[in-house]
Amino acid sequence: MADTSSNPVLLTLAVSHFCEKARWVLERCGIEYTEEAHVPVAHRFAVKTAGGRGSVPCLRLPPETSGPDSRSASASAKASISPGCVDQSTPIMRWADQQRPGAALFPAGPRGAEVERWCAQLDKRLGPATRSWAYSHVLYNPMVADAMVAPPVPAAERFLLRWGGWLLVRKLLAKGLRISPENGAVALQEIRRCFDEVGQQLADGRPFLTGETFTAADITFAALAAPAIGQAYANVPGLSEQTPPAMRTEVEELQAHPAGQFALRLWREQRAVVVPAARPSAL
């Protein structure tokens with residue numbers, strides 16, 4: 001069995017699309033990591049123990065591994081950097097990009113600034129909207145509880161969630177995220193606005209959000225749109241027989257949108273891509 005003790009450890013909630021964004025970039029950059037999934041509430045203790053602020057994803061680094069170079073990072077990005085971990089999905093993308101320079105997920109110059117703008121806007125708007133909308137449909141559906149307790153969640157946490165803990169966790173999620181049918185409808189309108197903006201960006205025929213090459217902006221959009229387009233990932237089944245009828249209708253509408261078609265294409269064509277390591281220079 002391979003020794004994984006020197007690998008970074010990705011702390012996650014199995015159902016989180018922000019966590020899938022972190023998985024995507026680590027795997028694209030060829031970075032071997034170990035995933036440590038938790039159920040809601042328990043994840044906060046694990047992240048704070050690692051040195052993070054309490055939210056996932058959080059990448060716990062091995063002692064000999066340096067964190068991201070913060071010299072060119074924004075103030076908000078610097079707040080996500082600590083000696084032992086990288087907090088939140090976009091800083092994890094920057095760190096991974098630094099480990100595999102050929103990935104060029106954050107290009108230099110004006111195009112890099114455009115990538116940063118897209119990532120920031122999608123993190124702020126699309127990510128929370130898809131989460132709120134999805135939970136408004138499935139928070140009281142057994143499918144979400146099943147996804148939360150599937151491996152690699154520790155057995156003890158699975159036991160506690162199945163035997164009474166889910167009722168408490170569901171109540172905390174509903175209150176903390178303000179989950180309701182009304183807020184779900186508001187979130188759906190925000191998803192549609194984000195999809196319209198992405199569709200307008202792509203209207204000139206470009207293959208990716210910022211031009212001819214795949215960047216962090218594309219990972220961010222595809223990962224955060226996943227619940228809205230019924231895309232399966234990690235423990236999330238995607239569009240299935242368990243999907244509530246009203247949610248299915250909305251997913252099919254968003255799948256048909258040009259931005260939805262774009263996201264589905266990125267999942268098909270880019271999710272499994274690994275950027276090759278740079279070849280050593282010839283002497």
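The paragraphs below set out a description of the structure included in this document.

Calculation criteria
- Residues numbered from 1 in each chain as written.
- Predicted model: local features only at pLDDT ≥ 70, side-chain atom pairs only at ≥ 80, totals over all residues.
- Heavy atoms only, no water.
- Buried < 20%, exposed > 50% of the residue type's maximum accessible area, 1.4 Å probe, protein only.
- Helix = DSSP H or I, 4+ residues; strand = E, 2+ residues; numbered from the N terminus.
- Contact = heavy atoms within 4.5 Å.
- Polar contact = N/O pair within 3.5 Å; in protein donor to acceptor, adjacent residues only side chain to side chain.
- Pairing = 2+ DSSP bridges.
- Right-handed = clockwise from strand over helix to strand, strands pointing away.
- Expected span 1.5 Å × (residues − 1).
- Lys, Arg positive; Asp, Glu negative; His and termini not counted.
- Salt bridge = Lys/Arg side-chain N within 4 Å of Asp/Glu carboxyl O.
- Patch = residues over 30% accessible without salt bridge, like charges linked within 9 Å, V, L, I, M, F, W, Y side chains within 5 Å.
- Areas by Shrake-Rupley, 256 points an atom, 1.4 Å probe, with all protein chains shown as cover.
- Axes fitted to C-alpha atoms, helices over the stretch in contact; angles between N-to-C directions.
- Left-handed = near helix turned anticlockwise from the far one by under 90°.
- Core = buried A, V, L, I, M, F, W, Y, C linked by side-chain atoms within 4.5 Å.
- Domains from an automatic or database assignment.
- Parallel < 35°, antiparallel > 145°, perpendicular 65-115°, else oblique.
- Nonpolar A, V, L, I, M, F, W, Y, C, P; charged D, E, K, R; others polar.

### Section: helix H6 (residues 142–149)
Among the eight residues in H6, six count as buried, and that is most of the element. Looking at H6, one finds that the buried residues are Met143, Val144, Ala145, Ala147, Met148 and Val149. Against the buried residues of H6 lie helix H5 (109–138) and helix H7 (155–176). Measuring from the side-chain oxygen of the N-cap residue of H6 to the backbone nitrogen of methionine 143 gives 2.9 Å; that N-cap residue is asparagine 141.

### Regarding the pairing of strand E1 (residues 9–13)
Moving residue by residue along a regular strand, the side chains alternate between the two faces of the sheet. Most of E1 is tucked away: five of the five residues are buried. Neither face of E1 is open: one carries Val9, Leu11 and Leu13, the other Leu10 and Thr12, and all of them are buried. With five bridges joining them, E1 and strand E2 (residues 34–38) adopt parallel strand pairing. Looking at E2, one finds that leucine 10 is bridged to glutamate 35. Taking the sense of rotation as the criterion, the β-α-β connection linking E1, helix H1 (residues 17–28) and E2 turns out right-handed. Examined bridge by bridge, E1 and strand E3 (residues 58–60) share three bridges and lie antiparallel to one another.

### Looking at helix H11 (residues 258–270)
A rise of 1.5 Å per residue sets the reference length of H11, with its 13 residues, at 18 Å; its end C-alpha atoms lie 17 Å apart and thus fit the reference within 8%. All buried positions along H11 are accounted for by Ala259, Gly260, Phe262, Ala263, Leu264, Leu266, Trp267 and Gln270.

### A few points about the side chain of arginine 28
With respect to the secondary-structure elements, arginine 28 resides in helix H1. Buried and unpaired, arginine 28 has no salt bridge, with aspartate 218 as the nearest side chain of opposite charge at 8.1 Å. Beyond its immediate sequence surroundings of up to four residues, arginine 28 is in contact with Leu105, Phe214, Ile219, Gln270, Val273, Val274 and Val275.

### What to know about the pattern of salt bridges
Under the counting rule described, the total for this entry stands at 15 salt bridges. Two residues, glutamate 190 and arginine 125, come together in a salt bridge whose shortest N-O distance is 2.8 Å. Here arginine 125 lies in helix H5 and glutamate 190 lies in helix H8 (residues 181–202), a separation of 65 residues in the sequence. A salt bridge links glutamate 252 to arginine 248, with the shortest nitrogen-to-oxygen separation between them at 3.9 Å. With glutamate 252 and arginine 248 both in helix H10 (residues 245–256) and four residues apart, the pair spans about one turn of that helix. The class for glutamate 252 is partly exposed, based on a relative accessible area of 40%. Taken together, the salt bridges that share partners define one network made up of Glu20, Arg23, Glu27, Glu35 and Arg271.

### Here we look at unusual backbone geometry
In terms of backbone geometry, most residues other than glycine have negative phi values and most peptide bonds are trans. A cis amide bond, omega 5°, links valine 56 with the succeeding residue proline 57. By the element assignment, proline 57 lies in the loop between helix H2 (42–50) and E3. Positive phi values are uncommon outside glycine, yet glutamine 88 reaches one of about 80°. Relative to the helices and strands, glutamine 88 is located in the loop between strand E5 (85–87) and helix H4 (89–99). Classification of glutamine 88 as partly exposed rests on a relative accessible area of 31%.

### Thoughts on a nonpolar patch on the surface
Together, Val41, Phe45, Leu168 and Leu172 line one region of the surface with nonpolar side chains, adding up to about 400 Å² of accessible area. Tracing the backbone through its elements, the reader meets leucine 172 in helix H7.

### Thoughts on the packing of H5 against H8
With their axes 8 Å apart at the nearest point, H5 and H8 run at an angle of 145° to one another. Note on packing geometry: the crossing formed by H5 with H8 is left-handed. From H5, Glu114, Trp118, Arg125, Leu126, Ala129, Thr130, Ser132, Trp133 and Ser136 reach across to H8, where they touch Asn183, Gly184, Ala187, Leu188, Glu190, Ile191, Arg193, Cys194, Phe195, Glu197, Val198 and Gln201.

### Examining the nonpolar core
One finds Leu26, Phe195 and Phe221 to be the most contacted residues of the largest nonpolar core, which totals 79 residues. Taken domain by domain, this core gets at least three of its residues from each of domain 1 (9–99) and domain 2 (109–271). Dropping the residues within four chain positions of it, phenylalanine 221 is found in contact with Leu122, Leu126, Phe195, Val198, Leu209, Ala259, Phe262 and Ala263. Counting residues in hydrophobic clusters, the runner-up holds nine residues, among them Leu11, Val47, Ala50 and Val56.

### Some words on the packing of helix H9 (residues 216–225) against H11
It is at 9 Å that the axes of H9 and H11 come closest, and there the two elements cross at 105°. Judged by the inter-axis angle, H9 sits roughly perpendicular to H11. Contacts between H9 and H11 pair Asp218, Phe221, Ala222, Ala223 and Ala225 from the former with Ala259, Phe262, Ala263, Leu266 and Trp267 from the latter. Classifying every residue of the contact of H9 with H11 by side-chain character gives nine nonpolar, no polar and one charged.

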